[in-house]
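A look at the structure
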Amino acid sequence: MRVSVGLPIHHDTTAAEIIGWSHAVERAGLHAVFVTDHPAPTSVWLRRGGHHTLDPFVALSFAAANTTSLGLHFNLLVAAYRHPLVTAKAIASLDSLSGGRVIVGVGVGYLEAEFAALGADYEHRAAVTDANLAAMITAWTGEPFGEHGTIVFPPPVQVPHPPIWIGGNSRAARRRAVAIGQGWAPMPSSAATQSLLGTPPLDDVDELARRITELHQLSADAGRTDRLDVAVIPRSLSGFAAGEAGTEQVRDEIGRLAAAGGTVLVANLPAAGFTDAVQWLAKEVVGDI
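Heads up: these notes are all about the structure in this document. (Residues numbered from 1 in each chain as written. Predicted model: local features only at pLDDT ≥ 70, side-chain atom pairs only at ≥ 80, totals over all residues. Heavy atoms only, no water.)

1. A look at the side chain of asparagine 132
Here is the rule we go by: By the criteria applied, helices consist of DSSP H or I runs no shorter than four residues and strands consist of E runs no shorter than two, each listed in order from the N terminus. Within 3.5 Å is the distance limit for a polar contact, defined as a pair of N or O atoms, with the added protein rule that one can donate a hydrogen and the other accept it, and that residues adjacent in sequence qualify only through two side-chain atoms. Whether two residues are in contact is decided by their heavy atoms: any pair within 4.5 Å suffices.
Checked against the element boundaries, asparagine 132 lands in helix α6 (residues 125-139). A distance of 3.4 Å separates a polar side-chain atom of asparagine 132 from the backbone oxygen of arginine 82. The residues contacting asparagine 132, other than those within four sequence positions of it, are Ala79, Ala80, Arg82 and Pro84.

As structure tokens, then:
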């Protein structure tokens, strides 16, 4: 499996740390690093377990500038937070300057107060996400579009555009992935967190396998001949169970996720001892899975 590792940028992160962490992931032979997207979190959410994060475009630019082959993964970019042409320009610039290394994980978002702080439309966020993604894909052609002949230049290096992985556990998310994406990014979640995260629970590997089968059937029914990626998050490496599982338990969970149809592993590792944890993940956990 390809592996994307979260950059632990939830504290007073330095440029040297981002550079060192990115080098560690690349040296270990893992595929990508990822960052989250919270431009305006509220104090209430932070007190309840939320986290700060650097701007994802800036953080990934630092990672890009100091590596040569490392994937640059937005996990997840909230497309409804920003004007789509501003987002398209930033992603195209990063893909161009990095030589085609961007992966655009996209979510509809779930924090109503953050939408309000940004002046974004929470109630219609799914429809806005669809419209914004359509506008971004059009912008990435590098050709004039719209009544003003707008051009976003340079276009991305990746043709027709960087891969889009749609986040969320719902059937709507899977349909969106089939309609416009190159992958699906579900997340482990319980019924207790459904109202907070705004996505149906998914806490059973057998159920994940069923939904992956449905995803590929939807893709086949739509006439697609490519195979969508499925980016899976093991609970043991989700950031909520750090240190609770041993190597064999983690390997077993990842093996079951791979057997269910996961093609990309998305893993959070602690900031303390990050380089050692990356080596452990690459050498002792992922191995031949």
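After presenting the structure, the write-up continues.
2. A few points about the sheet that holds strand β4 (residues 102-107)
How we decide: The rule for pairing is simple: two strands pair if DSSP sees at least two bridges between them. Axis definition: a line fitted to C-alpha atoms, over the contacting stretch in the case of helices. Angles run 0 to 180 degrees between N-to-C directions.
Taken in spatial order, the 8 strands of this closed barrel run β1-β2-β3-β4-β5-β6-β7-β8, and their pairing is parallel. Between one strand axis and the next, the sheet turns through 25 degrees on average, direction left out of account. Sheet strands touched by helix α9 (residues 205-221): β6 (183-185) and β7 (229-232). Its angle to β6, the strand with the most contacts, is close to 155 degrees.

3. Focus: the layout of surface pockets
In plain terms, the rule: Cavities and pockets were defined on a 1 Å grid built from protein atoms only: a cavity is a group of points that admits a 1.4 Å probe but offers it no way out, a pocket is an open group of points flanked by protein on both sides within 12 Å along at least five of seven lines, and a lining residue is one with an atom within 4 Å of any such point. Grid points are joined across faces, edges and corners, and a volume is the space filled by probe spheres set on the points. Under the grouping applied here, Gly and all other residues not named as nonpolar or charged are polar, the nonpolar ones being Ala, Val, Leu, Ile, Met, Phe, Trp, Tyr, Cys and Pro and the charged ones Asp, Glu, Lys and Arg.
By volume, the second largest pocket is sized at about 220 Å³. Lining the second largest pocket are 15 residues, and of these Pro188, Val205, Arg235, Glu253 and Leu257 lie nearest its centre. Where the lining of the second largest pocket is concerned, the elements lending two or more residues are α9 and α10 (247-260). Counting residues per element, the lining of the second largest pocket draws most heavily on α10, which supplies 3 residues. Class assignment for the residues of the lining of the second largest pocket results in 10 nonpolar, no polar and 5 charged.

4. Section: the packing of α9 against α10
Here is the rule we go by: Roughly parallel refers to an angle under 35 degrees, roughly antiparallel to one over 145, roughly perpendicular to one between 65 and 115, and oblique to any angle outside these ranges. Crossings are sorted by hand: turned counterclockwise from the far helix by less than a right angle, the near helix makes the crossing left-handed, and turned clockwise it makes it right-handed.
Relative orientation of the contacting elements α9 and α10 amounts to 25 degrees, with a least axis distance of 9 Å. Regarding the angle of α9 to α10, the classification is roughly parallel. In the crossing of α9 with α10, the sense of the turn from one axis to the other is right-handed. Between α9, through Val205, Leu208, Ala209 and Ile212, and α10, the contact on the second element is made entirely by Arg256, Leu257 and Ala260. In terms of residue class, the contact of α9 with α10 is built from 6 nonpolar, no polar and 1 charged.

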